[in-house]
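Chain residues, written in single-letter form:
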Amino acid sequence: MTNKDFFAALADLEKEKGIPQQVFLDALSNALISACKKQYAGGIGSVKIKTNPEKGTIDFYTSKTAVSEIIDADSEILLEDAQKIKKSYKLGDEVLEKFVPKDFSRIAAQTAKQVILQKLNETERDAAVNEFSDKEGELLVGIIRKIDAKNVYIELGKGQIEGLMLPSDQVPGERYNVNDKIKVFVKRIKSGFRGAQVLVSRSSAGLVRKLFEEEVPEIKQGTVVIKEITREAGARTKIAIYSEDSRVDAIGACVGNKGARVNAIVEELKGEKIDIIPWSENPLEFIAKALSPAKVISVTQLSDEKTALAVVPDDKLSLAIGKDGQNARLAVRLTGWKIDVKSESVAKKLGLITQNSEETES
């Protein structure tokens, strides 16, 4: 069966898209075999297809084994019948017999169209995945295109790839509207049935980390280092920083002139509170700082490994613990220590500190 125009079109696609003709031909052969089997409802047995781009032909063959006695008519043929096709056939040989499927032109045209479109989509998807493969862990700006009951779908790049923001990656209290521009953190890139998809987040601590890298040149340059970061999205973030250069004030660099840098980040996070903590290699000193904005009187390591007692003024206890324990909980995550927070009066009653203990600056 000749279709030179079809093969010419494949040659053009190879030049234009860089997809080898054989990729299309292999996919087309499999699709045509499947279509042929459906058309004959399984009664045709094994089918093989041979394509010849040079001659522009597509030929169909039934494939059966030459036998002396037929057990399975779909896969076997008597040797004497096989030899009518070709005299040289022997027992056990694969016997190929050419045939023309019913309504071949319509089936071939329809199948070829589906295969070509599918392969083009796969190629575009793979190209998009390759383009975004180095974007994991980065910030991207996209446009919200769809919102369903749970998920937010974001157009990224040139619209060839979709960002998916799951409920767990959305910030409680943030409102998302179709056509809004939005800044998101790329968690992972995957290739799925619907094409390339990027899992993105607004709730990840990585988003805050990247925002600081964007706003604070000293962080991007490596002079100021983010040691640890923990976050409860929409409420509070604690970020521990350290200056590699004693001449550079890490806190000042992150805050910026009149708070410009940190305020820009807070604005992007819709008012989320940010505690910028100076990191210390002394864990007890670090714990005292991590309980900011509360003032800490003292921190003592308890007998258990990585467990500490933090004593705070009576009127700062609720501030140190935070609403629903949030401030203390974030401090635990930031430092990696278990922290027991007690008020000064309770600590004295329990004999955990002496009546004459002096407050130490946090």
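Residues numbered from 1 in each chain as written. Predicted model: local features only at pLDDT ≥ 70, side-chain atom pairs only at ≥ 80, totals over all residues. Heavy atoms only, no water.

K.L.:
I tried to follow the overall build of the protein chain on my own but got confused; where do I start?
P.N.:
The secondary structure content of the protein chain amounts to twelve helices and 15 strands. Split into buried and exposed, the 362 residues of the protein chain put 42% on the buried side. Restricting to contacts in the protein chain with at least 6 residues of sequence separation, those with at least 24 account for 59%. Here the protein chain has roughly 20400 Å² of accessible surface; of this, 47% comes from carbon and sulfur atoms. (Helix = DSSP H or I, 4+ residues; strand = E, 2+ residues; numbered from the N terminus. Buried < 20%, exposed > 50% of the residue type's maximum accessible area, 1.4 Å probe, protein only. Contact = heavy atoms within 4.5 Å. Areas by Shrake-Rupley, 256 points an atom, 1.4 Å probe, with all protein chains shown as cover.)

K.L.:
Sorry if this is basic, but what is going on with the packing of aromatic side chains here?
P.N.:
For any pair of aromatic rings, geometry is given as the distance between the ring centres together with the angle between the planes. All told, the structure shown has two aromatic pairs when counted by the stated rule. Here Phe 60 and Phe 99 contribute two aromatic rings whose centre-to-centre distance is 5.9 Å and whose plane-to-plane angle is 70°, an arrangement assigned as edge-to-face. Remark: Phe 99 occurs in strand S4 (residues 94-99) and Phe 60 occurs in strand S2 (residues 57-67); sequence separation between them is 39 residues. The exposure classification of Phe 60 matches that of Phe 99, with both residues buried. When the ring of Tyr 242 is compared with that of Trp 279, the centres are 5.5 Å apart and the planes differ by 85°; the resulting orientation is edge-to-face. Placement of the pair is Tyr 242 in strand S11 (residues 236-243) and Trp 279 in the loop between strand S12 (273-278) and helix H9 (283-290), with a sequence separation of 37 residues. (Phe/Tyr/Trp six-rings, centres within 6.5 Å; stacked < 30°, edge-to-face > 60°.)

K.L.:
Hey, could you run me through the packing of helix H5 (residues 205-215) against helix H8 (residues 260-268) in this one?
P.N.:
For the pair H5 and H8, interaxial distance at closest approach is 10 Å and the crossing angle is 140°. Judged by the inter-axis angle, H5 sits oblique to H8. Remark: the crossing between H5 and H8 carries right-handed chirality. Contacts between H5 and H8 involve Leu 211, Phe 212 and Glu 215 from the first element and Arg 261, Val 262, Ala 264, Ile 265 and Glu 268 from the second. Looking at the contact of H5 with H8 residue by residue, the classes come out as five nonpolar, no polar and three charged. (Axes fitted to C-alpha atoms, helices over the stretch in contact; angles between N-to-C directions. Parallel < 35°, antiparallel > 145°, perpendicular 65-115°, else oblique. Left-handed = near helix turned anticlockwise from the far one by under 90°. Nonpolar A, V, L, I, M, F, W, Y, C, P; charged D, E, K, R; others polar.)

K.L.:
Which parts of the structure should I look at to understand the pairing of strand S7 (residues 161-165)?
P.N.:
Each regular strand shows side chains that alternate between the opposite faces of the sheet. For S7, a buried count of four out of five residues is recorded, marking the element as mostly surrounded by other parts of the structure. Across five bridges, strand S6 (residues 152-156) lies against S7 in antiparallel orientation. Residue pairing across strands places Glu 155 opposite Glu 162, the latter belonging to S7. (Pairing = 2+ DSSP bridges.)

K.L.:
Explain the pattern of salt bridges to me, please; I cannot follow it from the model alone.
P.N.:
Pairing is possible between side chains of opposite charge, provided their charged atoms come close. In this structure the tally under the stated criterion is 18 salt bridges. Lys 210 is the partner of Glu 213 in a salt bridge, and the nearest nitrogen-oxygen pair spans 3.0 Å. Of this pair, Glu 213 and Lys 210 are both found in helix H5, three residues apart, which corresponds to roughly one turn of the helix. Close ionic contact of Asp 275 with Arg 236 constitutes a salt bridge, the shortest N to O distance being 2.6 Å. One end of the pair, Asp 275, is in strand S12; the other, Arg 236, is in strand S11, with 39 residues separating them in the sequence. The pair formed by Asp 275 and Arg 236 is uniform in burial state, with each residue classed as buried. Salt bridges linked by common partners bring Glu 138, Lys 210 and Glu 213 together as one network. (Salt bridge = Lys/Arg side-chain N within 4 Å of Asp/Glu carboxyl O.)

K.L.:
Explain H5 here, please?
P.N.:
Helical periodicity: at 3.6 residues per turn, an α-helix aligns residues three or four positions apart in one direction. Taken together, the buried positions of H5 are Gly 206, Leu 207, Val 208, Lys 210, Leu 211 and Phe 212. The N-terminus of H5 is capped by Ser 204, whose side-chain oxygen sits 2.9 Å from the backbone nitrogen of Gly 206. (Polar contact = N/O pair within 3.5 Å; in protein donor to acceptor, adjacent residues only side chain to side chain.)

K.L.:
Help me out: how do you make sense of the sheet that holds strand S10 (residues 224-232) in this one?
P.N.:
What links the strands of a sheet is backbone hydrogen bonding, and the strands pair in either a parallel or an antiparallel sense. Strand order in the open sheet formed by three strands is S10-S11-S12, with mixed pairing between adjacent strands. Every other strand in the sheet has two partners, leaving S10 and S12 as the edge strands with one partner each. Between one strand axis and the next, the sheet turns through 20° on average, direction left out of account. As defined by bridge partners, S11 adjoins S12 across six bridges and the pair is classed as parallel.

K.L.:
Is there a simple way to explain a nonpolar patch on the surface in this structure?
P.N.:
A surface patch of nonpolar side chains, amounting to about 250 Å² of accessible area, comprises Val 346, Leu 350 and Leu 352. Structurally, Leu 352 is set in the segment after helix H12 (344-349). By relative accessible area, which is 39% here, Leu 352 ends up partly exposed. (Patch = residues over 30% accessible without salt bridge, like charges linked within 9 Å, V, L, I, M, F, W, Y side chains within 5 Å.)

K.L.:
Just checking my understanding: could you explain the sheet that holds strand S15 (residues 338-343) for this structure?
P.N.:
Pairing is mixed across the open sheet formed by three strands, whose spatial order is S13-S14-S15. Looking at which strands have only one partner, the edges of the open sheet turn out to be strand S13 (298-301) and S15. Each strand of the sheet is rotated relative to its neighbour by a mean of 20°, with strand direction disregarded. Relative to strand S14 (residues 307-312), S13 is paired through four bridges, and the arrangement is antiparallel. Its bridge partner being in S14, Thr 300 is matched across the sheet by Leu 309.

K.L.:
Got a minute to help me understand unusual backbone geometry in this structure?
P.N.:
Only a minority of non-glycine residues have a phi that is not negative, and only a minority of peptide bonds are not trans. A cis amide bond links Ser 292 to the next residue, Pro 293, at an omega of 15°. Although it is not a glycine, Lys 258 sits at a positive phi angle of roughly 55°. The residue Lys 258 is located in the loop between helix H7 (250-255) and H8 in this model. On the accessibility criterion, Lys 258 (79% relative accessible area) is exposed. Positive phi, close to 55°, is recorded for Asp 324, a residue that is not glycine. Here Asp 324 lies in the loop between helix H10 (317-321) and helix H11 (326-335). A residue is classified by how much of its surface remains accessible, and Asp 324, at 68% relative accessible area, is exposed.

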